[in-house]
Amino acid sequence: MFIWSVRASSLKFILACFLCVTVLGTLIAVIPLADQGDNSLAAGNVNYDGIGGISDIKDFLSSFGWELKEGEPVSEEVTIPDEFDKVFVNYNEIQKKQGLDLSKYKRKTVTRYTFEVTNFEGYEGTVYANVIVYRSRVIGGDICSAAPDGFVYGFSGE
């Protein structure tokens, strides 16, 4: 026969432990979701998912206000490197500022689409929009000049 007695102070202790575990479990569940980047916060109400084709990518870029030259984009399959060199670290910082992170896709083969932008103000040279897509999701990209000493910005152009 086994007898177990519980005092009121023991119940309070058990309840306090249960409450702490529940709060900790909730935080552990919520923090990774926040880390994935609520893409609607990164650029207004822009949807980074559901990219099914070229027209979806054009719609995605137009949500940032970009107008594109008519015709098909240049598309190329690239592999995100396992280790980032200095250039790639700097490029990924641009991605992080817009709520994205390429380090989650190391060793993945992705598709980069390049369009010519026709409405970039204050610059006379050629400007491109690069969009990096993995499994129907925009995972990165930029707005950049064609000049070697030019610029690279996030999708918002800043």
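Being a predicted model, the structure only gives us computed values, none of them experimental. (Residues numbered from 1 in each chain as written. Predicted model: local features only at pLDDT ≥ 70, side-chain atom pairs only at ≥ 80, totals over all residues. Heavy atoms only, no water.)

Q: So what's going on with the overall build of the protein chain? Which residues, and what values?
A: What the protein chain contains, in helices and strands, is four helices and five strands. Going residue by residue from the N terminus, the α and β elements of the protein chain occur as α-α-α-β-α-β-β-β-β. Every one of the 158 residues in the protein chain was classed for burial, and the buried ones make up 30%. Taken as a whole, the protein chain presents about 10,700 Å² of accessible surface, with 56% of it coming from carbon and sulfur. (Helix = DSSP H or I, 4+ residues; strand = E, 2+ residues; numbered from the N terminus. Buried < 20%, exposed > 50% of the residue type's maximum accessible area, 1.4 Å probe, protein only. Areas by Shrake-Rupley, 256 points an atom, 1.4 Å probe, with all protein chains shown as cover.)

Q: A description of the pattern of salt bridges should follow, citing residues and the corresponding values.
A: In total, this model carries five salt bridges according to the counting rule given. A salt bridge links arginine 112 to glutamate 76; the shortest N-O distance between them is 2.4 Å. Placement of the pair is arginine 112 in strand 2 (residues 109-117) and glutamate 76 in strand 1 (residues 74-79), with a sequence separation of 36 residues. Here glutamate 76 falls in the partly exposed class, since its relative accessible area comes to 38%. The partner of lysine 96 in a salt bridge is glutamate 93, and the shortest N-O contact between them spans 3.8 Å. On the criterion of helical spacing, the pair formed by lysine 96 and glutamate 93 is a turn pair, its members being three residues apart in helix 4 (residues 86-97). (Salt bridge = Lys/Arg side-chain N within 4 Å of Asp/Glu carboxyl O.)

Q: Now, about the packing of aromatic side chains: what can you tell me, with residues and values included?
A: As enumerated under the stated definition, the model contains twelve aromatic pairs in all. An aromatic cluster of three or more residues is present, and its members are Trp66, Phe120, Tyr123, Phe151 and Tyr153. Sitting over the ring of phenylalanine 84, lysine 106 keeps its end group 4.9 Å from the ring centre. (Phe/Tyr/Trp six-rings, centres within 6.5 Å; stacked < 30°, edge-to-face > 60°. Lys NZ or Arg CZ within 6 Å of the ring centre and 35° of its normal.)

Q: Explain the layout of surface pockets residue by residue, including any values.
A: Rolling a probe over the atoms, with the probe sized like a water molecule, indicates the empty space that remains. The computed volume of the largest pocket comes to approximately 260 Å³. Looking at the largest pocket, it is lined by 13 residues, and the ones nearest its centre are Phe88, Tyr91, Arg112, Ile132 and Asp142. Secondary-structure elements contributing two or more residues to the lining of the largest pocket are strand 1 and helix 4. Top element by residues in the lining of the largest pocket is helix 4. It accounts for five residues. When its residues are assigned to classes, the lining of the largest pocket shows nine nonpolar, two polar and two charged. (1 Å grid on protein atoms, 1.4 Å probe; cavity = no way out; pocket = protein on both sides within 12 Å on 5 of 7 lines; lining within 4 Å. Points joined across faces, edges and corners; volume = space filled by probe spheres on them. Nonpolar A, V, L, I, M, F, W, Y, C, P; charged D, E, K, R; others polar.)

Q: Got a sec to walk through the sheet that holds strand 3 (residues 127-134)? Specific residues and values, please.
A: The strand order across the open sheet built from five strands is 1-2-3-4-5, with neighbouring strands paired in antiparallel fashion. Where the open sheet ends on each side, the last strands, each with one partner, are strand 1 and strand 5 (152-153). Of the strand pairs in this sheet, strand 2 and strand 3 are connected by seven bridges, and their pairing is antiparallel. Considered in strand 3, the bridge of phenylalanine 115 is made with alanine 129. (Pairing = 2+ DSSP bridges.)

Q: Account for the pairing of strand 3, with residues named and values stated.
A: Within strand 3, seven of the eight residues are buried, which leaves it mostly tucked inside the rest of the structure. As defined by bridge partners, strand 3 adjoins strand 4 (residues 137-145) across eight bridges and the pair is classed as antiparallel. Note that in strand 4 the partner of tyrosine 128 across the bridge is cysteine 144. In textbook terms, the turn of a hairpin is the stretch between consecutive antiparallel strands, and for strand 3 and strand 4 this stretch comprises two residues, one of which, arginine 135, has a positive phi near 50°.

Q: A description of unusual backbone geometry should follow, citing residues and the corresponding values.
A: Of note, the phi angle at arginine 135 is positive, near 50°, even though the residue is not glycine. On the secondary structure map, arginine 135 appears in the loop between strand 3 and strand 4. Using a relative accessible area of 72% as the deciding quantity, one classes arginine 135 as exposed. In the Ramachandran plot, serine 136 falls in the positive-phi region, its phi being about 65° despite a non-glycine side chain. Among the secondary structure elements, serine 136 is positioned in the loop between strand 3 and strand 4.

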